Structure formats: C-alpha cells, structure tokens
Amino acid sequence: MKRALLFVTASLFMSSLAHSQITAMKVPDVVKPIYQVFQPGEVLILDGAFKHAQDKDIEYLKLLDMDRMLSGFRSEAGLKPKGDKYGGWESQGVAGHCLGHWLSGAAYAYAITKDAEILKKIDYVVDQLEECQNANGDGYLCAFEHGKDMFARLEKGEVTSQGFDLNGGWVPWYTIHKTMAGLRDVALYTPNQKALQVGLKNADWAIKVTKNLDDEKWQKMLACEHGGMNEVLADFWAITGDTRYKDLSLKFYQKAVLDPLAAQQNILPGRHGNTNIPKLIGLSRLYELTGEEKFKAAANYFWNTVIDTQSYANGGNTSNEHFGQPNTQNARINGNTSETCNTYNMLKLGRHLFAWQPNMKLADYAERATFNHILASQNPDDGMVIYYALLGPASKKNFSTPFDSFWCCVGTGMENHVRYGDEIYFKGAGTDNADTLTVNLFIASQVEWKEKNLSLTQETKFPNEPKTSFVVHATTPTEFTLRIRYPHWTQALGTPRINGADSKNVYQPGTYIDIKRAWKDGDRVDLDLPMPLRTEALPDAPSRKAIFTGPILLGGAVPNDKAQNPVLVAGDRKIDEILKPEPQELMFDTVNVGRPQEVELKPFYAINKGTYNVYWDFFTDEQWKQREADYRAEQERIKALEARTTDTFDIGEMQPERDHELAGEKTRTGDHVDRKWRDAFDGGHFEFTMKVDPTTANELICTYWGSDAGGREFDVLVDGKVIATQTLERAKPEQLFDITYPIPAGLTTGKQSVRIRLQAHPGKIAGGLFGVRMVRAQK
C-alpha cells in the first residue's frame, strides 16, 4: 500500500500527538481540549537539577552504539549483525524494546536541542529498520528470537498464554509497541518522515497477523501484556485516516480489565501495574478521537483509584509490580515498591485527563511524581536509572549499568529526563480560556507561545529557594491571563508582586492565581512559595510517616542494618519542633527524638548512595517504652534471616520467574491477599533454580496459605531428590505461614545453585506456593 509522505503539525491536543511535526491530520479530535501542551522545543529547561538530568539523559542517548541496539533486528531478519547485542534484557525475550524507547527519547532530545549528532543517529536507525523490514518482506520488525514462529502460529489462529507469554514468547506485543511508538515519535518530532512509513508497514503486518482471531481468541491473547498497542494504532489512524488502524486499535481492548473500570468497579488488586496503565492511555486517545464516554469513564476511574488508594509518598505505586488491596501500602512497603515505568505512564495518562478536565489534583500529582520519583530515579553522577524506588526500611537505590541492564525502566528512563517540559506549561484551548497561559510546576525554564508572539521565562532556584519569578518577553503589549498554580502545601495566603508592587488580591493555598492584563516586554511577577515541614502517614499505618518540606519528599541516611533502623520518639511535638534546618539547602537534623541515633534528612531526589529511609516510625515516649523490646527483637529477626539468605524468589511474577528459570506442566498462577501464587494441578509440576551456599548446609523456606486444603499433596525435590512430602490441610487458617525444609548437605556441596521442584501427586495439587527463600542452615 503506497502512501504519500506527510510533514505536518497535528492538533495540539494533550495526546501522544500533542507535539506533532505532521500537518493535515486526517482524523481531527472529536473531543475539544480545554488545555493544550506546548511542543518540545517550545519549552526549554534552564540551569538547575532538571537541566542537569536532561543533559545526562542526552549524554547516554548519544553514548549507545546503534549497531549493538540493532543487532537482534538484523539477525531476526536474516541479516548479518553489525554489532553484538547488549546485555541484560536486550539479550533476553524482550530484545528490541529499548530501541523503541531510544527512538522516542532521541526524537524529544532532537526537538529540544536540534543536535545534528542525534538526528544522524536517528536517521541511521530508521534506515537500518527499513532494511530489516524489507528483508522480512511483510512489514514485520522484531529483535527477539523465534518471533516469526510465534506470530506464524498466531496467524493460524493459535493462542496460548499464561499471562506474560504468548505462544512461547515473552510479551511480544509489548515489545513491538515500543518500536512502533518510537517510529511514530521520530515522525512527529524530527524531519525524518521515513519513520512513519516504516511504522505504518509494521502496523499493516499487525493487521495481517491477527486477521484470523475471533473475539474469544483476541481476549485470550490480550491476557498477555501488550503495552500501548491501542494508543499507537489510534495515532496511526489519526495521521492517515486509514480506518483499518482504528479497527485494530479497538480490538486491543481487554474486556476483563476495561469493562469493569468503565463501570467504576475496582478490579486492580493483584493486577500487574504497568501491564494496565498503557491500556488506559490508549483508551484516552481513543476517547479524544471518538468521543466514546465509556473510554473516558474508565480512564478517569483508573487514574483516581490508583492515586487515591495505591500510591506512595513519592507518587509511585505497586509493590513487586502489582497493585494491592486499597490503602494497604504499609502491608506491602517491604516489597519492590514504585516501579519507575508506572510513574512515567501515570504522568502520560494524567496529561490526557488535564486536557479534558484541568484540576489541581492532576497538577499536584504531576509535581509530586516529577520531583520525588522521576528526578529521583536518575543518578546525577552518571545518568543511570533505577527500576524501583524502594521505600521500605533501610532501602537503597540500585542503579542500572550503561550496557548490561536494559530493564523496562531503562527504556522509559531514556525518555523521562528529556520530557520535563511536558508538565510545566499549558495553553488554553477552550472558548473561555484561549488567552490563558497556565503554570503548573516551578522549574527554571522558558516557554515560547508562538500564537501570541511572546515568551515567558521562569527564573527560579526552586526548591532550593521558596520562590519563583516570571518575566514576559513581547515585541508589543499583549493581553492574556497568566494562571499560576498556588499549591496546597504552602499553607499560607499568597500575594504575587507585579513589577515590584503587591497584588490587590490574596489567594488561598490550593487555588490558581489569575493575573489578566496587557503584558509588556519586561513585565515581571514574583511569587513566594513557603515550604513548611509536614508529614504524610501511610493509610494503614498512621504512625509510619513520610516527611516533606513543601512538595519535596525527604529521606535520611540510616545504617545498613535493619536491627538499628532509627525511629522517631516525638510524642505530640509538631514536625517543625523536632527538625532543625542545616546551613545547606533543604537539609534538616532531628533533635532529641532519634532512637538509637539522630538522623539527617535531605531531598529524596538528592540521595544516590547508601542506605536510607523515607518512612519513619513515630512513637510517643510511653509507646516506645512498651514496644522497644518487641521492635528490636523483630528487627534482629529480620537482620538474622537476611544474613542467612542466599536467594529469594517472588513466585508468580514475570521477571523473577524468568530470572529463576521457572518451567513446568499443568501449572498456573494467581493472586490472593496481595501476593502472587503458583501451583501445579492434576499431577503437574513446576520447578525453578535457587542459589545456595556450597560450603554449608542449606534450608528451603516455602510460604503457603494456611487455609488451603483438599487434595494438596506433593513432593518437594532438590536436583531430582525428594526431600519432603507435603500435605496442606488448613494448617494456619486465614494467614500465610512458612515451612522450612532442611536440605541434605550432599545435595548442595560444591554447587552454586540447585533446581527446586514441586511435584503434585497423581490427580493432586502442588502448592499454592506464595514465596520461596533459600537460607544457610542455622548452626
């Protein structure tokens, strides 16, 4: 199918097409926005922490070798690779996903810098992908092994999936979406229009390969994570007017998730976070293009439910990548909290919502997540990023490596720090606010408002100084409303100064300051932003609190020893009575409240080394007297167990199961009490690899549900040898419990790892298993 090249500017909707180079959009948005985002390049980040993060991101984008990133694409197309694959996930079943993120991040970087080196690399990648596509012969593009086989089966109507796999492949649509989205973004933000043609050919292949699926098979396939396929296909429909892309986008609609959300039913507990957020982003885009209220309802309900019942102090969500029961964050705080991909996608979803229904809650979240998770996710020394923002006691940021990680959050990390301009400024698009420029975040920056032939500079060192200023640059006087968010955390009335004179109006915290006038070149607005200390408690643990100064989450260095994890015995004293500011900006010391020692606090985004806390246990003097012994004993137990541990395994979760080489027959997984489980039924089995200490005896600790009963009889084997036969028969009703299996020393001596197998007896069930830990035997 031959298409004319497009070089355009899309409708400036709050969508993936909001920053488009593409003119003549064939399908205009049905839903008219109230606000629009500015294009990248129209917002420039100025000196400060965010500019530093942006520069480090761009350094990394330029560092990567494109021939190594393209290696899997060439080999899967039958072409000789020009470089070896990178390590980590790029050498595994999602190979290629990071190239898609690289394209998106590089496209943004080019738009804001016009860096010729970046554009040259982009052009090279697109040319190479076109060569791979031509070699494949049908529009197909992928870098993961055996992709052609799994999709050939799909084209025949064969669908097998257990959640994170499709016809034997690891989330193939998720990976393909990244490539398509990267090609789309190159077409939108750079002069390279070949990228659009390559992306559309890939979409044509997707139409062909799914044509034999009926609705039942579609829904079975969609149980496997598929990223934002609905979003990118909706964008292709908008760009080309080809309704085949619309039809395919609508087919990527998982009824089991999206129908209940549209009906305002909370089905999130136990579900994988980042599998689902992109579905709602795509649904939002389809709402903009179709006006289907059901899509809007699902997106709104999902966003609010996650923010209100699943989120932590830093704006992140999930534990071990999964949502839990509403408002049970403390129960899950010791897991892998706050996957960075989730926050990247929640910000994208929030920008859609702000376009339709701008409100302070959406802006507050954007600030919380941007300062306390996205900025905090990057190591300012070298630009490397974290997968999880760990928030449990005595946590540490575990940063990626340049060439051997390539997790999903490395991919989104390539985009995060070149996209800060998306959240700061918005221009009115409705009939009542077309002359309004809204400021949501306080970041040193400059925005060019082309329609008004003016620009606005935000001069600020916020949060290091509690104030900001705005300077207008205009060739002629221009009337518009400058709308500045005055946040709830200021806890004080606000009075802006206009050209040095106090405004006649006084504003409440949590409202917008509207200043309407004919603005002249050099006009200036100064605004104080008081940043009082405050706390936020976990919803299911009122005495476990995070500490903020204004919007900035504070963390504190603690010993790498959970038995010595500090608590704050503050009684009924207010937070500003127990913290003393240090001479350094945004640093505080506790005063006479720390046990066993005082702590020093600084912004969470400034912590990149050592062990820290962000949530603190607060006690009264009497509570501490009563609980100190129990508290210390529990901390010592945790410390001793961790010291003995050689390996842990979060069963039922995608990445841990792949890391531990899980395999089996007649096995299934699910969730209960905010934990994933796996069992094997009808005489089936599952097995996995665990690290052991080759110099001593080891023990296997398995976690089960105490109410399980009825036909649960199985053997526990180590490297093929039965070490125990287990029956589950309501051993500990309504609670999880552990069983420890001693492993004969001869089975582990001289070995670095062993293969654990749970084998169901004929006609019986093995498990469910909720968790596994391998430890050195106690002496």
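Residues numbered from 1 in each chain as written. Predicted model: local features only at pLDDT ≥ 70, side-chain atom pairs only at ≥ 80, totals over all residues. Heavy atoms only, no water.

Asker: How should I be thinking about the nonpolar core in this particular structure?
Answerer: Counting 194 residues, the largest nonpolar core has W102 and W173 as the members making the most contacts within it. When sequence neighbours within four positions are dropped, the list of residues in contact with W173 reads F151, L154, L166, W205, A206, V209, T210, M221, H226, M229 and F252. Among the nonpolar cores identified, the runner-up in size contains 29 residues, and F649, V716, F737 and M774 belong to it. (Core = buried A, V, L, I, M, F, W, Y, C linked by side-chain atoms within 4.5 Å. Buried < 20%, exposed > 50% of the residue type's maximum accessible area, 1.4 Å probe, protein only. Contact = heavy atoms within 4.5 Å.)

Asker: Even after reading the chapter, I still don't get the packing of helix 6 (residues 147–155) against helix 7 (residues 172–189), so can you show me in this structure?
Answerer: As a packed pair, helix 6 and helix 7 sit with axes 12 Å apart at the nearest point and diverge in direction by 105°. With respect to each other, helix 6 and helix 7 are oriented roughly perpendicular. Facing helix 6, whose interface residues are M150, F151 and L154, helix 7 presents P172, W173 and I176. By residue class, the composition of the contact of helix 6 with helix 7 is six nonpolar, no polar and no charged. (Axes fitted to C-alpha atoms, helices over the stretch in contact; angles between N-to-C directions. Helix = DSSP H or I, 4+ residues; strand = E, 2+ residues; numbered from the N terminus. Parallel < 35°, antiparallel > 145°, perpendicular 65-115°, else oblique. Nonpolar A, V, L, I, M, F, W, Y, C, P; charged D, E, K, R; others polar.)

Asker: Would you take a moment to explain the sheet that holds strand 31 (residues 736–743) for this structure?
Answerer: Reading across from one edge, 25-34-28-31 is the order of the four strands in this open sheet, with antiparallel pairing throughout. Taken across any chain shown, the strands that pair with only one partner, and hence form the sheet edges, are strand 25 (645–649) and strand 31. Going from strand to strand, the sheet's axes swing by 20° on average, the running direction of each strand aside. Note that strand 28 (residues 698–705) and strand 34 (residues 771–776) share six bridges and pair antiparallel. Residue pairing for strand 34: T703 is matched across the bridge by G771. Each of strand 25, strand 28 and strand 34 is contacted by helix 19 (residues 621–644), which is oriented at about 80° to strand 34, the strand it contacts most. (Pairing = 2+ DSSP bridges.)

Asker: Sorry if this is basic, but what is going on with the pairing of strand 9 (residues 467–474) here?
Answerer: Every other side chain in a regular strand lies on the same face of the sheet, so the side chains alternate between the two faces. With six of eight residues buried, strand 9 lies mostly within the body of the structure. Pairing between strand 8 (residues 454–459) and strand 9: six bridges, direction antiparallel. Looking across to strand 9, one finds that E459 is bridged to S469.

Asker: Which parts of the structure should I look at to understand the side chain of S405?
Answerer: Mapped onto the fold, S405 is located in the loop between helix 16 (360–374) and helix 17 (408–416). From its side chain, S405 meets the backbone nitrogen of T401 in a polar contact 3.0 Å long. Those residues in contact with S405 that lie beyond four places of it in its chain are G87, G88, W89, S400 and V410. (Polar contact = N/O pair within 3.5 Å; in protein donor to acceptor, adjacent residues only side chain to side chain.)

Asker: How should I be thinking about the packing of helix 4 (residues 97–113) against helix 17 in this particular structure?
Answerer: The contact between helix 4 and helix 17 brings their axes to 7 Å, and the two run at 10°. Regarding the angle of helix 4 to helix 17, the classification is roughly parallel. Here H97, C98, H101, W102, S104 and G105 of helix 4 lie close against helix 17, whose contacting residues are C408, G411, T412, M414 and E415. Of the residues assigned to the contact of helix 4 with helix 17, the class counts are four nonpolar, six polar and one charged.

Asker: Quick question: what am I supposed to make of the sheet that holds strand 13 (residues 511–519) here?
Answerer: Either a parallel or an antiparallel arrangement is found when strands of a sheet pair, and the pairing is made through backbone hydrogen bonds. Strands sit in the order 1-5-6-10-13 across an open sheet of five strands; the sheet is mixed. The open sheet terminates on both sides in strands that have one partner only, identified here as strand 1 (35–37) and strand 13. Going from strand to strand, the sheet's axes swing by 25° on average, the running direction of each strand aside. Here nine bridges tie strand 10 (residues 478–486) to strand 13, and the two strands are oriented antiparallel to one another.

Asker: What am I meant to see in the packing of aromatic side chains here?
Answerer: Two numbers describe a pair of aromatic rings. These are the distance of the centres and the angle of the planes. Taken as a whole and judged by the stated rule, the model has 36 aromatic pairs. Seen from their ring centres, F686 and F688 are 6.4 Å apart, and the 25° between their planes marks the pair as stacked. Neither F686 nor F688 differs from the other in exposure class; each is buried. One aromatic cluster is present, formed by F50, F371, Y420, F442, F462 and W489 through successive ring pairs. Of note, K452 hangs over the ring of W449, and the distance from its end group to the ring centre comes to 5.7 Å. Positioned above the aromatic ring of F618 is the side chain of K545, whose terminal nitrogen or guanidinium carbon lies 5.0 Å from the ring centre. (Phe/Tyr/Trp six-rings, centres within 6.5 Å; stacked < 30°, edge-to-face > 60°. Lys NZ or Arg CZ within 6 Å of the ring centre and 35° of its normal.)

Asker: I keep staring at the environment of N327 and nothing clicks. Help me out?
Answerer: Secondary-structure assignment places N327 in the loop between helix 14 (293–309) and helix 15 (340–356). A C-alpha to C-alpha distance of 9.9 Å links N327 and V306, two positions 21 residues apart in sequence. For N327, the contacting residues outside a window of four places in its chain are D308, T309, P539 and D540.

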